[in-house]
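# Observations on chain architecture
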Amino acid sequence: MSKKTIRDIEVSGKKVLIRVDFNVPMQDGEITDENRIVEALPTIKYVVENGGRAILFSHLGRVKSVEDKASATLAPVASRLQALLQKEVKFVPETRGKVLEDAINQMQDGDILMFENTRFEDIEGKKESKNDAELGKYWASLGDIFVNDAFGTAHRAHASNVGIASNIKETVAGFLLEKEIKFIGGAVSNPKRPFVAILGGAKVSDKIEVISNLLNVADKVIIGGGMAYTFLKAQGFEVGTSLCEIEKLDLAKELLEKANGKIVLPIDFRFTKEFENEPASHVGPITDIQPDEMALDIGPKSIELFAEILATAKTVVWNGPMGVFEMSNYAYGTIGVCESIAKLPTATTIVGGGDSAAAAIQFGFASKFTHISTGGGASLEYLEGKVLPGIEIVANK
Ligand code: ADP
Ligand code: MG
């Protein structure tokens, strides 16, 4: 079912509450990755250019006590946004009260205001994160309409999304949320085929639901990364000291049976004794592994095998690195997969998952994917086939 977006409503002269996801990584007060701010610009610009009054808010990190406030203020994000938009963004360092209300009442059409980290409301009783009824109602009272554009928190029912939506006339999607629904939602509900999913990352336990759901909808499910060793062990291979979840072996066996040939595992690996960025001591099939060795990446034959499977795909969803890509000697598999996906100009290619998205960007493939999701946890739950509360609240067309 398609969702209403800001294109479907009148914003002119309206106080438009926009829940953005400005939960950006910060180090010593500096934003280290501004992708989420950049991705929110189209919605903000649209509201402003069409004469709406844009009232922006977001969470940033976790705020448990008053001491956390200094490092969790959204002030640096407001300055960065102002620079990106080349337009004044009035920052109000409050989450409620007269100062905020007066500032909103003084706004003119086309103005932008941003208020403080919604999680400042978590200090006394987790009001934001527990969707406190009074808080959602209060924030809803500050505006006329609600635009949810925060995909990164769409898997959570908080006061700043579900709470507001329950207390306001209409909730629509912003352009970023629309894009995430179109690509991730589209891939799991109505993919162009062949649909190849490529999964990796550290743990099977994090991704059981994803594997299970994708086995229902994808034509092939490639499994690499740390997860692969639990599956290889389940097939009876020794995996040395590689990552392996013994308590998930039965489940891995079940998934392999259910898969009926859909699951493709790596066929060669990079072996080493220590978890260090030293070149692999040897490369080969899993049967070559010594009891005191671990596999930290897939090998060249696996990269080739995966490339052949990906070559025919019309839809690709990639979630989870193929190896310990943070170490250059074990980044080959992840880079190889990026290269194979980059060669598919007509396929819809989607990256979900925080580390995979970071890898795609870090290795210079950002522009080669159709869509890089801005939500780590949210994209995982969406790929699991779950209904996300932050999407549920958006009115249907
Ligand atoms: P995403 O955030 O994309 O969903 P995950 O968080 O599931 O991905 O997994 C990312 C982590 O998996 C990375 O830190 C990476 O180092 C680790 N990883 C990948 N392959 C291996 C491996 N063979 N052994 C140990 N860790 C691995
Ligand atoms: Mg991760």
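Small disclaimer: the values here were computed from a predicted structure and weren't measured.

### Focus: the overall build of the chain
For the chain, the helix and strand inventory stands at 15 helices and 17 strands. For 397 residues, the compact-globule estimate of 2.2 N^0.38 gives 21 Å, and the C-alpha radius of gyration of the chain, at 23 Å, lies within 12% of that figure. Per-residue burial for the chain yields a buried fraction of 54% across its 397 residues. Look at the contacts in the chain between residues 6 or more apart in sequence, and 74% of them connect residues 24 or more apart. For the chain, the exposed area adds up to about 16800 Å²; of that, 48% sits on carbon and sulfur atoms. The distance from the centre of the 44 positive side-chain charges to the centre of the 54 negative ones in the chain is 6 Å.

### Focus: the sheet that holds strand 13 (residues 282-284)
The antiparallel open sheet is built from three strands, whose spatial order is 13-12-14. The open sheet is flanked by strand 13 and strand 14 (294-298), the only strands paired with a single partner. Across the sheet, the mean angle separating the axes of adjacent strands is 35° when strand polarity is ignored. Across four bridges, the pairing between strand 12 (residues 269-272) and strand 14 is antiparallel.

### A short note on the site of ligand 1
Around ligand 1 sit 19 residues in total, of which Lys-207, Gly-323, Glu-326, Asp-355 and Ser-356 are the nearest. One nitrogen or oxygen atom from the main chain of Asp-355 is found 2.8 Å from an oxygen atom belonging to ligand 1. Relative to its unbound accessible surface of 580 Å², ligand 1 loses 85% to contact with the protein. Taken together, the elements giving at least two residues each to the shell around ligand 1 come down to strand 14 and helix 13 (354-362). Tallying contributions element by element places helix 13 first for the shell around ligand 1, with three residues. Looking at the shell around ligand 1, its residues break down into seven nonpolar, nine polar and three charged.

### Notes on helix 13
For helix 13, every residue scored as buried is listed here: Ser-356, Ala-357, Ala-359 and Ala-360. Along the long axis of helix 13, the arc covered by the buried residues comes to 160°, so they all point the same way. Packing partners of the buried residues in helix 13 comprise strand 15 (315-319), helix 12 (332-342), strand 16 (348-351) and strand 17 (371-372). At the exit of helix 13 stands Gly-364, carrying a positive phi of roughly 85°.

### Here we look at the pairing of strand 12
Successive residues of a regular strand alternate their side chains across the two faces of the sheet. With burial as the criterion, each face of strand 12 is covered, one bearing Phe-269 and Phe-271 and the other bearing Arg-270 and Thr-272. As defined by bridge partners, strand 12 adjoins strand 13 across three bridges and the pair is classed as antiparallel. When the bridges of strand 13 are listed, Arg-270 appears paired with Val-283.

### Topic: the nonpolar core
Within the largest apolar cluster, 72 residues are counted, with the highest numbers of intra-cluster contacts made by Leu-113, Phe-151, Leu-214, Ile-223 and Phe-231. Broken down by element, the residue count for this core peaks at seven residues, all from helix 8 (residues 204-217). Viewed by domain, this core spans two of them, domain 1 (6-173) and domain 2 (180-383), each represented by three or more residues. With near-sequence residues (within four places) excluded, Leu-214 lies in contact with Val-188, Phe-195, Ala-197, Leu-199, Val-221 and Leu-383.

### Topic: the pattern of salt bridges
Opposite charge on two side chains lets them pair, provided their charged atoms get close. Within the structure shown, the criterion is met by 17 salt bridges. Arg-96 is the salt-bridge partner of Glu-121, the closest N and O atoms lying 2.9 Å from each other. Of the two residues, Glu-121 is situated in the loop between strand 6 (112-115) and helix 5 (133-141) and Arg-96 in the loop between strand 5 (90-92) and helix 4 (98-105); the sequence distance between them amounts to 25 residues. Glu-121 sits in the buried class, given a relative accessible area of 9%. We note a salt bridge from Glu-381 to Arg-156, for which the minimum N-O separation is 3.8 Å. You can see Glu-381 sitting in helix 14 (residues 376-383) and its partner Arg-156 sitting in the loop between strand 7 (145-148) and helix 6 (159-165), a full 225 residues away along the chain.

### Thoughts on the sheet that holds strand 17
Within the open sheet, the six strands sit side by side as 11-10-9-15-16-17. Their pairing is parallel. One side of each edge strand has no neighbouring strand; the edge strands of this open sheet are strand 11 (263-264) and strand 17. In this sheet, strand 11 lies alongside strand 10 (residues 220-223) in parallel orientation, the contact comprising two bridges. Looking at the pairing, Ile-222 lines up with Val-264 of strand 11.

### Observations regarding the environment of Thr-241
With respect to the helices and strands, Thr-241 occurs in the loop between helix 9 (228-234) and helix 10 (249-259). C-alpha separation for the pair Thr-241 and Gly-185, spaced 56 residues apart in sequence, amounts to 37 Å. Those residues in contact with Thr-241 that sit more than four places away from it in its chain are Pro-291, Asp-292, Glu-293 and Met-294.

### Looking at the packing of aromatic side chains
All told, the structure shown has 10 aromatic pairs when counted by the stated rule. Taken together, a centroid distance of 6.0 Å and an interplanar angle of 35° make the contact between Phe-115 and Trp-139 tilted. Of this pair, Phe-115 sits in strand 6 while Trp-139 is found in helix 5, placing the two residues 24 residues apart along the sequence. Both residues of the pair, Phe-115 and Trp-139, belong to the buried class. An angle of 20° between the planes, with centres 6.2 Å apart, marks the rings of Trp-318 and Phe-369 as stacked. In this pair, Trp-318 sits in strand 15 while Phe-369 sits in the loop between helix 13 and strand 17, placing the two residues 51 residues apart along the sequence. In terms of burial, Trp-318 and Phe-369 fall into one category: buried. Note that Arg-96 overlies the ring of Tyr-138, its terminal NZ or CZ placed 5.5 Å from the centroid.

Parameters and conventions
- Residues numbered from 1 in each chain as written.
- Chains lettered and ligands numbered in written order.
- Predicted model: local features only at pLDDT ≥ 70, side-chain atom pairs only at ≥ 80, totals over all residues.
- Heavy atoms only, no water.
- Helix = DSSP H or I, 4+ residues; strand = E, 2+ residues; numbered from the N terminus.
- Rg over C-alpha atoms; globule rule 2.2 N^0.38 Å.
- Buried < 20%, exposed > 50% of the residue type's maximum accessible area, 1.4 Å probe, protein only.
- Contact = heavy atoms within 4.5 Å.
- Areas by Shrake-Rupley, 256 points an atom, 1.4 Å probe, with all protein chains shown as cover.
- Lys, Arg positive; Asp, Glu negative; His and termini not counted.
- Charge placed at Lys NZ, Arg CZ, Asp CG, Glu CD.
- Pairing = 2+ DSSP bridges.
- Axes fitted to C-alpha atoms, helices over the stretch in contact; angles between N-to-C directions.
- Near = heavy atom within 4 Å.
- Polar contact = N/O pair within 3.5 Å; in protein donor to acceptor, adjacent residues only side chain to side chain.
- Nonpolar A, V, L, I, M, F, W, Y, C, P; charged D, E, K, R; others polar.
- Arc of directions from axis to C-beta.
- Core = buried A, V, L, I, M, F, W, Y, C linked by side-chain atoms within 4.5 Å.
- Domains from an automatic or database assignment.
- Salt bridge = Lys/Arg side-chain N within 4 Å of Asp/Glu carboxyl O.
- Phe/Tyr/Trp six-rings, centres within 6.5 Å; stacked < 30°, edge-to-face > 60°.
- Lys NZ or Arg CZ within 6 Å of the ring centre and 35° of its normal.

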